[in-house]
Amino acid sequence: MTELPALIAAFTTLFIIIDPPGLAPVFIALTQGMNAARRRAIAIRAFLVAFALMMVFLFLGEAVLGFIGISMDAFRIAGGILLFLTALDMLFQRRQARREDSAAEGQAEHEDDPSVFPLSLPLIVGPGAITTVILLAGEAQGIADLGAIAGVIFAVMMIVLLAFLAAPAIERALGKTGLNIVTRVLGMLLAALAVQFVLDGLRGFGIGG
């Protein structure tokens, strides 16, 4: 996991799942009417909470699976299927519609501070991100690998923070059509990565070599 190709694969998977460009317009909707300082404070708080949650799942997620008797290979197959369904949602734009619905609900219920809900959870740290982090932790061979994965998570979270801070500019630059194109391309990549997770899980059970 400390090798460059593995780190790039981990970064790509997590980046696609969290989808910082897709979160930018949701952040704008949640912070509409707020001044720049307030928006910046919410973005930083969402970043810190989301990163802390990711660390919890990185270091404790596999232990929880072991406690309830689920093997990593079984989780890889289930996780791959879940990620594939997420990819389909991205390809057909259903995911963004659900995010916008969650954002609207969160704004109504937590209008003063949406940083924890719905930004950190479930928009940033959703089921797909949790699954991905646990799968990556399952491939780690020691503390160095876990540290490398933590570094990847931090890098992706920093991109999310930058996307939040630059959200108005991103929305103007890409436009609705540009955001749709980016989401669909990321969906195709995620579908391929999801299939690879399933194949790895099957291989662990001695199926398919």
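Here the structure is a predicted model, which means the values were calculated and not measured.

The rules we used
Residues numbered from 1 in each chain as written. Predicted model: local features only at pLDDT ≥ 70, side-chain atom pairs only at ≥ 80, totals over all residues. Heavy atoms only, no water. Helix = DSSP H or I, 4+ residues; strand = E, 2+ residues; numbered from the N terminus. Buried < 20%, exposed > 50% of the residue type's maximum accessible area, 1.4 Å probe, protein only. Contact = heavy atoms within 4.5 Å. Areas by Shrake-Rupley, 256 points an atom, 1.4 Å probe, with all protein chains shown as cover. Axes fitted to C-alpha atoms, helices over the stretch in contact; angles between N-to-C directions. Parallel < 35°, antiparallel > 145°, perpendicular 65-115°, else oblique. Left-handed = near helix turned anticlockwise from the far one by under 90°. Nonpolar A, V, L, I, M, F, W, Y, C, P; charged D, E, K, R; others polar. Salt bridge = Lys/Arg side-chain N within 4 Å of Asp/Glu carboxyl O.

Caption draft 1: Looking closely at the overall build of the chain. Scanning the chain from terminus to terminus reveals nine helices and zero strands. When the helices and strands of the chain are read in sequence order from the N terminus, they spell out α-α-α-α-α-α-α-α-α. In the chain, buried positions account for 45% of the 209 residues. For the chain, the proportion of contacts with a sequence separation of at least 24, taken over those separated by at least 6, is 86%. Looking at the chain as shown, the accessible area adds up to about 10,100 Å², and 68% of this sits on carbon and sulfur atoms.

Caption draft 2: Geometry of the packing of helix α3 (residues 36-67) against helix α8 (residues 143-165). Running from amino to carboxyl end, α3 crosses α8 at an angle of 160°, the nearest separation of the two axes being 10 Å. The pairing of α3 with α8 is recorded here as roughly antiparallel in orientation. Every pair of crossing elements has a handedness; the one defined by α3 and α8 is right-handed. Counted together, R40, A43, I44, A46, F47, A50, F51, M54, M55, L58 and F59 of α3 and L146, I149, A150, I153, F154, M157, M158, L161, F164 and L165 of α8 form the full contact between these two elements. For the contact of α3 with α8, the class distribution of residues is 20 nonpolar, no polar and one charged.

Caption draft 3: Summary view of the pattern of salt bridges. Applying the stated criterion across every chain yields a total of three salt bridges. When the shortest N-O distance is used, the salt bridge between D200 and R203 registers 2.9 Å. Note that D200 and R203 are positioned in helix α9 (residues 167-204) at a spacing of three residues, about one turn of the helix. Judged by relative accessible area, which is 25%, D200 ranks as partly exposed. The class of R203 is partly exposed, set by a relative accessible area of 41%.

Caption draft 4: Just unusual backbone geometry, in detail. Looking along the chain, the bond that leaves F117 and enters P118 is cis, with omega of 5°. Take P118: it is sitting in helix α6 (residues 115-124). You will see that D19, though not glycine, has its phi angle at about 60°, which is positive. Structurally, D19 can be placed in the loop between α1 (4-18) and α2 (20-30).

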